[in-house]
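# Chain and residue survey
Single-letter residue listing:
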Amino acid sequence: MNPNPISPGHSSPGRSTAQYQALDAAHHIHPFSDTAALNAHGSRVITHAEGIYLFDSDGNKIFDAMSGLWCVNIGYGRQELAEAAYQQMLQLPFYNTFFKTTHPPVIELSSLLAQVAPEGFNHVFYTNSGSEGNDTIIRMVRHYWATLGQPQKKTIIARENGYHGSTIGGASLGGMHYMHEQGDLPIPGIAHIEQPYWYANGGELSPKEYGLKAARALEQKILELGVENVAAFIGEPVQGAGGIIIPPSSYWPEIQRICDQYGILLIADEVICGFGRTGSWFGSQHYGIRPHLMTIAKGLSSGYIPIGGVLIHDSVAKVLIDGGDFNHGFTYSGHPVACAVAATNIRILQKERIIERMNEDVAPYAAQLWHDAFDHHPLVDDVRSLGFFFALTLVEDKASRKRFEHGSSMALRCRDICLKNQLVMRATGDSMIAAPPLVMSRSQAEEFVRLAKQCIDEYARELGIRKDL
Ligand SMILES: *Cc1c(COP(=O)(O)O)cnc(C)c1O
């Protein structure tokens, strides 16, 4: 049976690359892109994918070390997810959950999430994306405090260079200045503190000392704003889009202490870390923190279909449930097809022990390869990994931690070399970052590190840094 008889099969793309590019340029505005520059070159056209590999319209096979956009945790081409969507579309393609109704897929997914989430997370609110999840959280925490009779507790403290999405709320929580510049952000009621980035900001402090210092910026900000005005703190357990910034081990326990001491809500944005990226089901578990709310998206459906949400701890859920109407929701909150796909994704993660196997076997193996390849490389420093996060920073001088003046354009050049060599890595600031699908095998990990090394070496030769590389 051909599940999709209308469109051409993936083995026979309907148009030439040039035709696709011309139509794309004529009609499609790309996210986070300089459209004129992109159109002058033409986009790469990805036509199909299998496992950890992408295939483009020119027939190239590409190693996807970014899991799409940090989301295809389970790898491409899982028939069960397609089948779940197909069957659900036949059965019940849509119904809302607004007006005293519900449906089996949203019920099944909600109870499954309660099963895989940390202790005490028994409720979920659905959105279509991580951005909407964080916008939901802004409204939810303000409603929470208002319900408790403290409506002035509104301000959410977030971090410089954090990423929480691209809606007005999400981009405001995020600490990306180049996003704030467009459209008058952040909105009122959001404050930012330093990110826990030892390599950039640690100076002479040890990572442990610096982690405490960065966390105590939260305490200072609470005191500055007045605890009576502060609703919550939000952070990604590991900053993803900001450049895979892995905080010192002292950071999160101190953040937890401060949130506990001042009685503010702790929000973990688990959109990237959730569903296995750190080696635990949730990044919060890796760091042993106890958030009140967790944003989820991306790995929730392995990116096969848009779905996001907010996992709500019992302590907050109780207030919301007793607090009357929550005047918030999306047409597609708990969409039956998205829920069916996400539930199937989670069952596969469970049944095949994908996260546990990655954590116990391939992650330590790949980390060793990564460090062996780059620890002594003259062009890079701050070589780092955690679970299936891998990153390094291009540096001018390792000994003095001196970074390149035009590091971000250099990283973009380096990324282009990777793409030319059929490896998808991402450039963020002066870092090169990767987050491969959790199903990457040992031999694929070897291929990944070999390719990455080949690209960094090629760039080092181009820069004239070491001829022998
Ligand atoms: C991607 C991302 C978001 C936004 O999710 P979208 O689905 O793109 O809206 C939010 N938070 C983090 C940590 C992310 O990485």
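Residues take numbers from 1 onward in each chain, read along the sequence in its written order. Local features are withheld for residues below a pLDDT of 70 in this predicted model, meaning they are given only at 70 or higher, and side-chain atom pairs are given and counted only at 80 or more; totals for whole chains, interfaces and linings count all residues. Values shown for side chains rest on all heavy atoms present in the structure; no hydrogens or waters enter the calculation.

### Quick look at the overall build of the chain
Across its full length, the chain carries 17 helices and 16 strands. For the radius of gyration, the atoms used are the C-alpha atoms, and the globule rule reads 2.2 Å times the number of residues raised to 0.38. Taking 469 residues into account, the globule formula puts the C-alpha radius of gyration at 23 Å, and the chain, at 22 Å, falls close to it. Here the C-alpha coordinates of the chain stretch approximately 65 × 65 × 45 Å along the principal axes. Buried, partly exposed and exposed residues are distinguished by accessible area as a fraction of the type maximum, computed with a 1.4 Å probe on protein chains only: under 20%, between the cut-offs, and over 50%, respectively. In the chain, which comprises 469 residues, the proportion classed as buried is 54%. For the chain, long-range pairs separated by at least 24 residues make up 70% of all intrachain contacts whose partners lie at least 6 apart in sequence. Carbon and sulfur atoms make up 54% of the accessible area of the chain, which amounts to about 20,600 Å² in all. The positive count covers Lys and Arg only, the negative count covers Asp and Glu only, and His and the chain ends enter neither. By convention, the point assigned to a charge is CZ for Arg, NZ for Lys, CD for Glu and CG for Asp. One way to put it: in the chain the 38 positive side-chain charges average out to a point 1 Å from where the 48 negative ones average out. Secondary structure elements are taken from DSSP: a helix is a run of H or I of four residues or more, a strand is a run of E of two residues or more, and numbering for both begins at the N terminus. Contacts between residues were defined by any pair of non-hydrogen atoms, one from each residue, lying within 4.5 Å. The protein chains shown are the only cover counted for residues, whose accessible areas, like all others here, come from Shrake-Rupley with a 1.4 Å probe.

### A word on the pairing of strand 3 (residues 61-64)
The side chains of a regular strand alternate, residue by residue, between the two faces of the sheet. Each pair of strands is called paired provided DSSP finds at least two bridges between the two strands. Pairing geometry for strand 2 (residues 53-56) and strand 3, over three bridges, is antiparallel. Directly across from Leu-54, in strand 3, lies its bridge partner Ile-62. As consecutive antiparallel partners, strand 2 and strand 3 are separated by four residues, and within that stretch Gly-59 has a phi angle of approximately 85°, a positive value. In terms of strand pairing, strand 3 meets strand 14 (residues 423-424) through two bridges, oriented parallel. Paired with Asp-64 across the bridge in strand 14 is Val-424.

### Observations regarding the packing of helix 5 (residues 104-116) against helix 14 (residues 336-351)
Taken N-terminus to C-terminus, the directions of helix 5 and helix 14 make an angle of 35°; their axes are 8 Å apart at the nearest point. In this structure, helix 5 meets helix 14 at a crossing whose hand is left-handed. When helix 5 is examined against helix 14, the residues Pro-105, Val-106, Glu-108, Leu-109, Leu-112, Leu-113, Gln-115 and Val-116 are found in contact with a partner set consisting of Pro-336, Cys-339, Ala-340, Ala-342, Ala-343, Ile-346, Arg-347 and Gln-350. Charged means Asp, Glu, Lys or Arg here, nonpolar means Ala, Val, Leu, Ile, Met, Phe, Trp, Tyr, Cys or Pro, and polar covers whatever is left, Gly included. Residue classes in the contact of helix 5 with helix 14 are distributed as twelve nonpolar, two polar and two charged. To obtain each axis, a line is fitted to C-alpha atoms, and for helices this fit is confined to the stretch in contact; angles are then taken between N-to-C directions over 0 to 180 degrees. Take the far helix as your reference; a near helix turned counterclockwise from it by less than a right angle gives a left-handed crossing, and one turned clockwise gives a right-handed crossing.

### Side note on the pattern of salt bridges
Whenever Lys or Arg places a side-chain nitrogen within 4 Å of a carboxyl oxygen from Asp or Glu, that contact is recorded as a salt bridge. The final tally for this structure, using the stated rule, is 18 salt bridges. A salt bridge links Arg-353 to Glu-360; its shortest N-O distance comes to 3.6 Å. In this structure, Asp-457 engages Lys-453 in a salt bridge whose closest nitrogen and oxygen atoms are separated by 2.9 Å. Separated by four residues within a single helix, Asp-457 and Lys-453 lie in helix 17 (residues 442-462), roughly one turn from each other. Each of Arg-216, Glu-219, Glu-254 and Arg-257 takes part in a single network of salt bridges with overlapping partners.

### A few points about the sheet that holds strand 2
Spatial ordering of the open sheet is given by 1-2-3-14, a layout of four strands whose pairing is mixed. Only two strands of the sheet have a single partner each, and these edge strands are strand 1 (46-50) and strand 14.

### Quick word on the packing of helix 6 (residues 130-147) against helix 13 (residues 314-322)
Closest axis-to-axis distance for the helix 6/helix 13 pair is 9 Å, and the angle between their directions is 70°. The angle between helix 6 and helix 13 falls in the class roughly perpendicular. The way helix 6 lies across helix 13 gives a crossing that is left-handed. Residues Met-140, His-143, Tyr-144 and Thr-147 of helix 6 touch helix 13, and the partners they reach there are Ser-315, Val-316, Val-319 and Leu-320. Along the lines of polarity and charge, the residues of the contact of helix 6 with helix 13 split into five nonpolar, three polar and no charged. For classification purposes, an angle smaller than 35 degrees is called roughly parallel, one larger than 145 roughly antiparallel, one from 65 to 115 roughly perpendicular, and anything else oblique.

### Concerning the site of the ligand
Any residue with at least one heavy atom within 4 Å of a molecule or strand is counted as near it. Taken together, the residues surrounding the ligand are Ser-129, Gly-130, Ser-131, Asn-134, Tyr-163, His-164, Gly-165, Glu-236, Asp-269, Val-271, Ile-272 and Lys-298. Polar contact is defined as a pair of N or O atoms within 3.5 Å, subject to the rule that within protein one atom must be able to donate a hydrogen and the other to accept it, and that residues adjacent in sequence are counted only when both atoms are side-chain atoms. Within the backbone of Gly-130, a nitrogen or oxygen atom sits 2.9 Å from an oxygen atom of the ligand. Here Ser-131 contributes a side-chain N or O atom positioned 2.5 Å from an oxygen atom of the ligand. Summarising the interface, the protein chains cover 83% of the accessible area of the ligand, which totals 380 Å² for the free molecule. Sorting elements by how many residues they give to the shell around the ligand places helix 6 first, with three residues.

### Brief notes about the domain arrangement of the chain
Entries for the chain in the domain assignment read domain 1 (45-77 + 354-463) and domain 2 (80-352). Note that the domain bounds reflect an automated or database-derived domain assignment. Once you take the C-alpha centre of each, domain 1 and domain 2 turn out to be 26 Å apart. With 38 residues of domain 1 at the contact, the number on the domain 2 side is 34 residues. Summed over both partners, buried area is the accessible surface (1.4 Å probe) that two parts give up on being assembled. Carbon and sulfur atoms supply 59% of the area buried between domain 1 and domain 2, which totals about 2,900 Å² over both sides. At the junction of domain 1 and domain 2, the tally comes to zero salt bridges. Of all the secondary-structure elements, those providing two or more residues to the side of domain 1 that touches domain 2 are helix 3 (67-70), helix 15 (354-374), strand 11 (380-386), strand 12 (389-397), strand 15 (426-428) and strand 16 (431-434). Looking at the side of domain 1 that touches domain 2 element by element, the count peaks at six residues for helix 15. The class makeup of the residues in the side of domain 1 that touches domain 2 is 20 nonpolar, ten polar and eight charged.

### Points about the sheet that holds strand 4 (residues 121-127)
Within the open sheet, the seven strands sit side by side as 4-10-9-8-7-5-6. Their pairing is mixed. Across the chains shown, the open sheet's two edge strands, defined by having one partner strand only, are strand 4 and strand 6 (190-193). The sheet shows a mean angle of 25° between the axes of neighbouring strands, taken without regard to direction. Pairing of strand 5 (residues 155-159) with strand 7 (residues 230-235), which is carried by three bridges, proceeds in the parallel orientation. Paired with Ile-156 across the bridge in strand 7 is Ala-232.

### Observations concerning the nonpolar core
Counting 74 residues, the largest nonpolar core has Leu-113 and Phe-448 as its most contacted members. Formed jointly, this core draws a minimum of three residues from each of two domains, domain 1 (45-77 + 354-463) and domain 2 (80-352). In this structure Phe-448 touches Phe-63, Ala-65, Trp-370, Phe-390, Leu-423, Met-425, Ala-434 and Met-440, once residues within four positions along its chain are discounted. The term nonpolar core refers to a set of buried residues drawn from Ala, Val, Leu, Ile, Met, Phe, Trp, Tyr and Cys, joined through side-chain atoms within 4.5 Å. By size, the runner-up hydrophobic cluster in this structure holds 38 residues, among which are Trp-70, Cys-71, Ile-193 and Ile-272.

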